[in-house]
Every structure is written in C-alpha cells, then in structure tokens.
Amino acid sequence: MIFITAKFRVLPEYADRWPEIADEFTRATRGEPGCLWFDWSRSLDDPTEYVLVEAFRDGDAGAAHVQSAHFRQARQTLPPYLAETPRIVNATVPQDDWSLLGELAVPERS
C-alpha cells in the first residue's frame, strides 16, 4: 500500500473550522475505491496543526487520487486556509492494513 502522513499548519483563525473546511475533500477521498483510510487528527501541542494519515491500495490508487477532480479542487480551495505548505512522508509498505503494536498488547478481557 501507499502510506502517507502529512502535517497541515492551518492559519489560527481557521484552525477550529479545519475539519469543516476539508470535509468535502475528505468525504470524496474516502469514497475512492482505492482509499484504505483518510483520517485527520489534531495536534495536542499545537492547535493549528492537523495530521492527515492516509493510505491507498497501491500506486495506481494513489495516482487516481491525485488525478481526481476533488484533488484538483482541493489544490485551489485549501491553500488559502494554510499557514505554510504541508509537509509529507510518503512510503510504499508491503501490507494492506494496520499491524498490531505487540509491545502494548491488551490482554483478552472476560
């Protein structure tokens, strides 16, 4: 899968509204057949920073994402709300879902 993590620093006056601002793009991306997940989190240390964790089935699905109409639209509509260009880590990993974090295994509960 293609695994991507991106940090978005939002202008302070829009930080509380960012989930709403990005909602159309988020919903459209989650609806793509090759999207495995597309999840936003807000930093606990910096309320203007959002982290996007996304994954696509393979390179073809990732390419379809960046060529989609909603991606092109987001390239126009989202930057005015950002304080800086988002930073990204993009990797191909040989799996198709989350692995368990064995070091913090939760015992079975009865």
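That block above? That's the structure.
These figures come from a predicted structure and were not determined experimentally.

Definitions and cut-offs
- Residues numbered from 1 in each chain as written.
- Predicted model: local features only at pLDDT ≥ 70, side-chain atom pairs only at ≥ 80, totals over all residues.
- Heavy atoms only, no water.
- Core = buried A, V, L, I, M, F, W, Y, C linked by side-chain atoms within 4.5 Å.
- Buried < 20%, exposed > 50% of the residue type's maximum accessible area, 1.4 Å probe, protein only.
- Helix = DSSP H or I, 4+ residues; strand = E, 2+ residues; numbered from the N terminus.
- Contact = heavy atoms within 4.5 Å.
- Axes fitted to C-alpha atoms, helices over the stretch in contact; angles between N-to-C directions.
- Parallel < 35°, antiparallel > 145°, perpendicular 65-115°, else oblique.
- Left-handed = near helix turned anticlockwise from the far one by under 90°.
- Nonpolar A, V, L, I, M, F, W, Y, C, P; charged D, E, K, R; others polar.
- Pairing = 2+ DSSP bridges.
- Salt bridge = Lys/Arg side-chain N within 4 Å of Asp/Glu carboxyl O.

Asks: Sorry if this is basic, but what is going on with the nonpolar core here?
Replies: Within the largest apolar cluster, 18 residues are counted, with the highest numbers of intra-cluster contacts made by Phe-8, Trp-18, Phe-56 and Leu-78. Of all the secondary structure elements, the ones that give two or more residues to this core are β1 (2–9), α1 (18–21), β2 (35–42) and β3 (49–56). Element by element, the count of residues in this core is highest for β1, at 4 residues. Setting aside residues no more than four positions away along its own chain, Leu-78 makes contact with Trp-18, Ile-21, Ala-22 and Phe-25. Within the second largest apolar cluster, 5 residues are counted, among which are Met-1, Trp-37, Val-51 and Val-53.

Asks: How do you make sense of the packing of helix α2 (residues 23–30) against helix α4 (residues 69–77) when you look at a structure like this?
Replies: Geometrically, a packed helix pair is captured by the angle between its two axes and the distance between the axes. Look at α2 against α4: their axes get within 9 Å of each other, and the N-to-C directions meet at 160 degrees. Viewed along their axes, α2 and α4 adopt a mutual orientation that is roughly antiparallel. The two elements α2 and α4 meet at a crossing, and its hand is left-handed. Judged by residue contacts, Phe-25, Ala-28 and Thr-29 of α2 engage His-70, Phe-71 and Ala-74 from α4. Partitioning the contact of α2 with α4 into residue classes produces 4 nonpolar, 2 polar and no charged.

Asks: Explanation requested: the sheet that holds β2 in the structure shown.
Replies: To summarise the sheet geometry, strands pair through backbone hydrogen bonds and adopt either a parallel or an antiparallel arrangement. If you trace the 4 strands from one edge of the open sheet to the other, you get β2-β3-β1-β4, paired in antiparallel fashion. Looking at strand neighbours, the two that pair on one side only are β2 and β4 (87–92), the edges of this open sheet. When strand polarity is set aside, the average angle formed by the axes of neighbouring strands in this sheet is 10 degrees. Summarising the sheet, β1 and β3 pair through 8 bridges and their orientation is antiparallel. Bridging across to β3, Phe-8 finds its partner in Tyr-50. Strands β2 and β3 of the sheet are contacted by α2, whose axis makes an angle of about 155 degrees with β2.

Asks: How should I be thinking about the pattern of salt bridges in this particular structure?
Replies: Between side chains of opposite charge, a pair can form when the charged atoms approach closely. Scanning all chains against the criterion turns up 9 salt bridges. A salt bridge links Asp-23 to Arg-27, with the shortest nitrogen-to-oxygen separation between them at 2.8 Å. Here Asp-23 and its partner Arg-27 are both found in helix α2, 4 residues apart, which amounts to about one turn of the helix. For Asp-23, a relative accessible area of 31% corresponds to the partly exposed category. Using a relative accessible area of 53% as the deciding quantity, one classes Arg-27 as exposed. One salt-bridge network, held together by shared partners, links Arg-9, Asp-46, Glu-49, Glu-84 and Arg-87.

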